[in-house]
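Spelled out from the first residue to the last, the chains are:
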Amino acid sequence: MEERLWTIDYIKVMLTNFLLYFAFYLLTPLLPIYLSEEYGATKDTIGIILSGYTLATLIIRPFSGFLIDNFPRKKILLICLAFFFICFAGYIAASTLLMFGIIRTLHGAPFGASTVSNSTCAIDILPSCRRNEGIGLFGLSNNLAMAISPSIGIYIYKIVGNFNILFWIALFIAGTALITASSIKITTKPIVHQNMKLSLDRFFLTRAWIMAINISLFGFCFGILCNYLAIFSKEELHITTGTGTYFALLSIGLFVSRLQGTKSLKKGKLTHNAGMGMILASVGYLLFVSIHNPIAYYISAILIGLGNGHMYPAFLNMFISIAHHNERGTANSSILTGWDIGFGLGVLLGGIIAEHTSYDVAFWIVAAYNIIGVVLFYTCTRNNFLQINLNSQNH
């Protein structure tokens, strides 16, 4: 008889993940507008400030993977979530652009560590025979949050017109995530310290380096889209009321593709799902930037959502499948590090490119990078993964 997938603890860890991402991305599309209106920040300054959290996330990711593999996972998760919660209060207290930039940068550390800790706890909770399927569904929680929370944030802001209210809402949601995580029951397994010598592979899954480069290209594209969609739509397309709808359609695409892709992930069709997803996303980005009308604008949202919903869980399973059982935290931190490098560069360079050229040019670069990612996958990444996977099975 097949083991149960939907246990109460699996649901709780998914809910924690959803709330974690929801709180963080509730503010994402509005922060460029907030920094511009509240502090008069220029486009390149906005890019630097918004990319600061990614720098902190990148620094903490490898260490959080090491900690989660060598110390009690639930304790690490709760400590990280507590600091994540506290940082939202800092946004409310910030009175200068410098203070806001420092708090935003610091916020990246508990966010990065919490995501690694929580996803590794999810893997531990899942029965081994349903791990591929469970990981694919688990990713629904953060993808859905990343897609719908920006539209909800925009909707709330249109009603209240007050950024502080949004900061308080995010603080409350982060607190709810902490409470939910505290009730998760994880079977404590003895930590095997078989190699405590510090080396690169303790912090990063070195055999997955080409996969990390590949995922970073897609992270770059999504970083620019998430952070500059609202301001691009307003300045270049003169769409001021449709950004929330765009993110809602993106979330529908993510949700549908996650559910649709679960069956093929269960069958182990990882490279098939990844390839199909990245091609769909490429079509979406090209449509978005090349045809400036509302129909193409909204269709691109669905295609990008479908693409990322197929691609990311397939990549995550690829990372996990080539990791040893005691490297799950490292595998999680490695894919997230790759994604965050790309995402952070997208946020940073998107603002700089827009300042010196235009947001239209920035999104043409997005389309080009996504296509480069597809080419890299089919020329190098796919074969590299299959070879490593084959060698691990033979041993």
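Check the entry above for the structure.
Each value, and the rule that gives it
- Residues numbered from 1 in each chain as written.
- Predicted model: local features only at pLDDT ≥ 70, side-chain atom pairs only at ≥ 80, totals over all residues.
- Heavy atoms only, no water.
- Phe/Tyr/Trp six-rings, centres within 6.5 Å; stacked < 30°, edge-to-face > 60°.
- Helix = DSSP H or I, 4+ residues; strand = E, 2+ residues; numbered from the N terminus.
- Buried < 20%, exposed > 50% of the residue type's maximum accessible area, 1.4 Å probe, protein only.
- Lys NZ or Arg CZ within 6 Å of the ring centre and 35° of its normal.
- 1 Å grid on protein atoms, 1.4 Å probe; cavity = no way out; pocket = protein on both sides within 12 Å on 5 of 7 lines; lining within 4 Å.
- Points joined across faces, edges and corners; volume = space filled by probe spheres on them.
- Nonpolar A, V, L, I, M, F, W, Y, C, P; charged D, E, K, R; others polar.
- Contact = heavy atoms within 4.5 Å.
- Patch = residues over 30% accessible without salt bridge, like charges linked within 9 Å, V, L, I, M, F, W, Y side chains within 5 Å.
- Areas by Shrake-Rupley, 256 points an atom, 1.4 Å probe, with all protein chains shown as cover.
- Salt bridge = Lys/Arg side-chain N within 4 Å of Asp/Glu carboxyl O.
- Core = buried A, V, L, I, M, F, W, Y, C linked by side-chain atoms within 4.5 Å.

**Some words on the packing of aromatic side chains**
Reasoning step 1: One pass over the full model with this rule turns up 37 aromatic pairs.
Reasoning step 2: Here the aromatic rings of Tyr312 and Trp339 are separated by 5.4 Å at their centres, their planes lie at 85°, and the arrangement is edge-to-face. Separated by 27 residues along the polypeptide, Tyr312 in helix α11 (residues 294-321) and Trp339 in helix α12 (residues 328-356) bring together distant segments of the chain.
Reasoning step 3: Under the relative-accessibility criterion, Trp339 is labelled buried at 9%.
Reasoning step 4: Above the face of the Tyr53 ring, Arg104 is positioned so that its terminal group lies 4.7 Å from the ring centre.

**Details of empty space enclosed by the protein**
Over the atoms rolls a probe the size of a water molecule, and in doing so it shows where empty space is left.
Reasoning step 1: Under the criterion given, the structure shown has 1 cavity of 30 Å³ or more.
Reasoning step 2: As a volume, the largest cavity reaches approximately 280 Å³.
Reasoning step 3: Classifying every residue of the lining of the largest cavity by side-chain character gives 12 nonpolar, 8 polar and 3 charged.

**So, helix α2 (residues 31-39)**
Reasoning step 1: Among the residues making up α2, those that are buried are Leu31, Pro32, Ile33, Tyr34 and Leu35.
Reasoning step 2: Next to the buried residues of α2 lie α3 (43-70), α5 (97-125), α7 (163-182) and α8 (209-235).
Reasoning step 3: Downstream of α2 by a residue or two, Gly40 has a phi angle that is positive, lying close to 65°.

**Notes on a nonpolar patch on the surface**
Reasoning step 1: Together, Tyr155, Ile159, Val160 and Ile165 make up an exposed nonpolar region whose accessible area comes to about 400 Å².
Reasoning step 2: It is helix α6 (residues 131-160) that contributes the most residues to the nonpolar patch, 3 residues altogether.
Reasoning step 3: Among the structural elements, Ile165 can be located in helix α7.

**A short note on the nonpolar core**
Nonpolar side chains tend toward joint burial in soluble globular proteins.
Reasoning step 1: Within the largest apolar cluster, 126 residues are counted, with the highest numbers of intra-cluster contacts made by Phe222 and Phe315.
Reasoning step 2: Ranked by residue count, the leading element in this core is α8, at 17 residues.
Reasoning step 3: Ignoring any residue separated from it by four or fewer positions in sequence, one finds Phe315 in contact with Met211, Asn214, Ile215, Phe218, Ala274, Met278, Ile335, Phe377 and Thr381.

**Description of the layout of surface pockets**
Reasoning step 1: Estimates place the volume of the second largest pocket at around 210 Å³.
Reasoning step 2: In this structure, the second largest pocket is lined by Leu30, Ile33, Ile154, Tyr157, Lys158, Ala230, Lys234, Ile239, Thr240 and Thr243.
Reasoning step 3: At the level of secondary structure, the elements contributing two or more residues to the lining of the second largest pocket comprise α6 and α8.
Reasoning step 4: The dominant element in the lining of the second largest pocket, judged by the number of residues it contributes, is α6, at 3 residues.
Reasoning step 5: A per-class count over the lining of the second largest pocket returns 6 nonpolar, 2 polar and 2 charged.

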